[in-house]
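# A closer look at the structure
Listed below, chain by chain, are the residues.
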Amino acid sequence: MSTYFITDSHLGSGANSPERERDLVAFLKSIEDDCEKLFLLGDMFDFWFSYKHVVPRGHVRLLGQLALMADKGIEIHYFIGNHDMWLFDYLEKEIGLIMHTDPEALDLGGKRFFIGHGDGIGKTDRHYLFLKTMFRCRFNQKLFAFFHPWIGFSIALRWSNSSRRSHGRKYEVYLGDEREDIVIFIKKKLQESPFDYFVFGHRHLPLDMELSDSTSGNSARYINVGNWIDRRTYARFDGMELQLLEYSR
């Protein structure tokens, strides 16, 4: 039995969102018999807000497949990202997913993992950290809930598209060890404690690299799972080895 990692499908964004969802559901169906644990590393939706009495339109194929997998006893973890941080407890109560708001250290098959979405870690950008704090503020979340969903989603999706355009080619190339926030974070984390694997998303760039800290002598593999927008990449841990793979129907 294996553990799978998927990230950044950003469903609801772009004209090919229905195609991405169908591919994702087809992939999930293909791993059902082999999957013991599934980790969704955030930004599976380009935006989500858990209203008290309203379920956002769309994504029914994915939600239905996740419900079927959970009912079969597959353990599903969801690490919220920067686009879907307002999921709250909807998927936990409706489907039985285990929700995580921050990165966590977990033991899987005798290996030590550090897992999360990847946004904000290693960052010194005060503007970004301020925005993240504002978005996580319960008072601000309650204020947003007063908007009609048509208005709220319109605002959020415009913000999302603007943010994507502002990043430009940043998500297409590796920036170097000194400029990659997640790499900086991992090296600092290795100074504190040994790990076997660090697994993140957010970056949209599939990465598989060995990182080490010369002071402590600790080293670990960093896997960035990539995205499910144009690459359909995922990671699989079979209890012995973690592999970065690409899905094709």
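These figures come from a predicted structure and were not determined experimentally.

Rules of the game
Residues numbered from 1 in each chain as written. Predicted model: local features only at pLDDT ≥ 70, side-chain atom pairs only at ≥ 80, totals over all residues. Heavy atoms only, no water. Phe/Tyr/Trp six-rings, centres within 6.5 Å; stacked < 30°, edge-to-face > 60°. Helix = DSSP H or I, 4+ residues; strand = E, 2+ residues; numbered from the N terminus. Buried < 20%, exposed > 50% of the residue type's maximum accessible area, 1.4 Å probe, protein only. Lys NZ or Arg CZ within 6 Å of the ring centre and 35° of its normal. Expected span 1.5 Å × (residues − 1). Arc of directions from axis to C-beta. Contact = heavy atoms within 4.5 Å. Pairing = 2+ DSSP bridges. Axes fitted to C-alpha atoms, helices over the stretch in contact; angles between N-to-C directions.

### Description of the packing of aromatic side chains
Counting across every chain of the model gives 24 aromatic pairs. Ring plane angle 45 degrees and centroid distance 4.5 Å describe the contact between F27 and Y234, whose orientation is recorded as tilted. On the criterion of sequence distance, the pair formed by F27 in helix 1 (residues 17–31) and Y234 in strand 10 (residues 233–237) is long-range, its members being 207 residues apart. Exposure class is identical for F27 and Y234. Each is buried. Taken together, a centroid distance of 5.0 Å and an interplanar angle of 35 degrees make the contact between F113 and Y197 tilted. One end of the pair, F113, is in strand 6 (residues 111–115); the other, Y197, is in strand 7 (residues 197–200), and 84 residues separate them in sequence. On the basis of relative accessible area, F113 is assigned to the buried category, the value being 0%. The rings of F5, F39, F79, F113, Y197 and F237 are connected pair by pair, giving a single aromatic cluster. Between R112 and the ring centre of F195, over which it is positioned, the NZ or CZ distance is 4.2 Å.

### Thoughts on helix 2 (residues 60–71)
The end-to-end C-alpha distance of helix 2, which contains 12 residues, comes to 16 Å, matching closely the 16 Å that a straight helix rising 1.5 Å per residue would cover. Within the span of helix 2, buried status applies to L62, L63, Q65, L66, M69 and A70. Relative to the axis of helix 2, the buried residues are bounded by an arc of 165 degrees and lie together on one face. Away from its buried face by more than 90 degrees, helix 2 exposes V60 and D71. Residues of helix 2 that are buried in the fold lie against helix 1, strand 2 (35–40), strand 3 (75–79) and helix 3 (90–94). Positive backbone phi, at 95 degrees, marks G73, one or two positions downstream of helix 2.

### Some points on the sheet that holds strand 6
Here we have five strands laid out as an open sheet, ordered 5-6-7-9-8, and mixed in their pairing. Single-partner strands in this sheet number two, and they are strand 5 (104–108) and strand 8 (207–212). Pairwise comparison of adjacent strand axes, ignoring direction, gives a mean angle of 25 degrees for this sheet. Relative to strand 7, strand 6 is paired through three bridges, and the arrangement is parallel. Counted as the bridge partner of F113 is Y197 from strand 7.

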